[in-house]
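Results of the structural survey
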Amino acid sequence: MDKELEELFETYEVQRLLKAARGFISLLEKDNLSQGELIFRSRESLSELYAAALNFPEVPLRFNKDKDFEMGELDEELRKGNKNLINKVKDGGLYWEVFDPVFDKEEAPTLGWLGDDFSDMYNSLKSDLYKIDVIASNESIENGLWSIEFGFRVNWGHHCINALRALHFLAG
């Protein structure tokens, strides 16, 4: 691994987030959880993931910025994982949300679903971890880390916070 990339990779902040992301993925891949267990344990896991992402460093792209990575059998694995997720939260998991709660215009609430939140987060983080752990080239590691940070700001971070809010009320 490139020395500068390795220094970034070994920081506490990066390792903390990677551990939290792997924990969330592992939780969602468990087959033997009841819906109640999933709600309780995902609330804890998402809290750790969100807290770790808050201090995740900006990742500069120094290697090939436009490279597509061969993801192997990951696409099929993601499809199977999504099916399991949808089955786990099919009963319930619906909640009301406002897309942008600080927008200065009145906005109608929309219906959110934990299955969608979990699925989007799972796909994004699983793909990024695959680039980091399996492909493991300078380019793929850098891209995976960059994508985690970018995804937190524009996609999976929104899903995470919405899911946490819903889980807070579902857990009672």
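The following refers to the structure shown. (Residues numbered from 1 in each chain as written. Predicted model: local features only at pLDDT ≥ 70, side-chain atom pairs only at ≥ 80, totals over all residues. Heavy atoms only, no water.)

Topic: the overall build of the protein chain
Each helix and strand in the protein chain was counted, giving seven helices and two strands. When the helices and strands of the protein chain are read in sequence order from the N terminus, they spell out α-α-α-α-β-β-α-α-α. Taking the principal axes of its C-alpha atoms as reference, the protein chain extends roughly 45 × 45 × 25 Å. Put simply, the protein chain has 172 residues, and 41% of those count as buried. Expressed as a percentage of contacts within the protein chain between residues at least 6 apart in sequence, the contacts between residues at least 24 apart total 76%. Within the structure as shown, the protein chain displays about 10,000 Å² of accessible surface, and the carbon and sulfur contribution to it stands at 50%. A gap of 4 Å separates the mean positions of the 20 positive and 33 negative side-chain charges of the protein chain. (Helix = DSSP H or I, 4+ residues; strand = E, 2+ residues; numbered from the N terminus. Buried < 20%, exposed > 50% of the residue type's maximum accessible area, 1.4 Å probe, protein only. Contact = heavy atoms within 4.5 Å. Areas by Shrake-Rupley, 256 points an atom, 1.4 Å probe, with all protein chains shown as cover. Lys, Arg positive; Asp, Glu negative; His and termini not counted. Charge placed at Lys NZ, Arg CZ, Asp CG, Glu CD.)

Considering the nonpolar core
Residues Phe24, Leu46, Leu49, Phe118, Leu145 and Trp156 are the most contacted members of the largest nonpolar core, which totals 45 residues. Mapped onto this core, the elements with two or more residues apiece are α1 (3-9), α2 (12-28), α3 (35-54), α4 (74-88), α5 (114-135), α6 (138-154) and α7 (156-170). Of the residues forming this core, the biggest block, nine residues, is contributed by α2. (Core = buried A, V, L, I, M, F, W, Y, C linked by side-chain atoms within 4.5 Å.)

Notes on the packing of aromatic side chains
Applying the stated criterion to the full structure yields four aromatic pairs. Each ring, one from Trp146 and one from Phe150, has its centre 4.9 Å from the other, and the planes form 10°; the classification is stacked. In this pair, Trp146 and Phe150 are both assigned in helix α6, four residues apart and thus about one turn of the helix distant. Note on Trp146: relative accessible area 26%, which makes it partly exposed. (Phe/Tyr/Trp six-rings, centres within 6.5 Å; stacked < 30°, edge-to-face > 60°.)

Here we look at α2
The end-to-end C-alpha distance of α2 is 24 Å, a good match for the 24 Å that 17 residues give at a rise of 1.5 Å each. Within the sequence span of α2, burial applies to Val14, Leu17, Leu18, Ala20, Ala21, Phe24, Ile25, Leu27 and Leu28. (Expected span 1.5 Å × (residues − 1).)

As for the packing of α5 against α7
Closest axis-to-axis distance for the α5/α7 pair is 9 Å, and the angle between their directions is 140°. On the basis of their axis angle, the class for α5 and α7 is oblique. When you trace α5 past α7, the crossing you get is left-handed. Along its contact with α5, which presents Leu114, Asp116, Asp117, Phe118, Asp120, Met121, Ser124 and Leu125, the element α7 presents Trp156, His159, Cys160, Asn162, Ala163, Ala166, Leu167 and Leu170. (Axes fitted to C-alpha atoms, helices over the stretch in contact; angles between N-to-C directions. Parallel < 35°, antiparallel > 145°, perpendicular 65-115°, else oblique. Left-handed = near helix turned anticlockwise from the far one by under 90°.)

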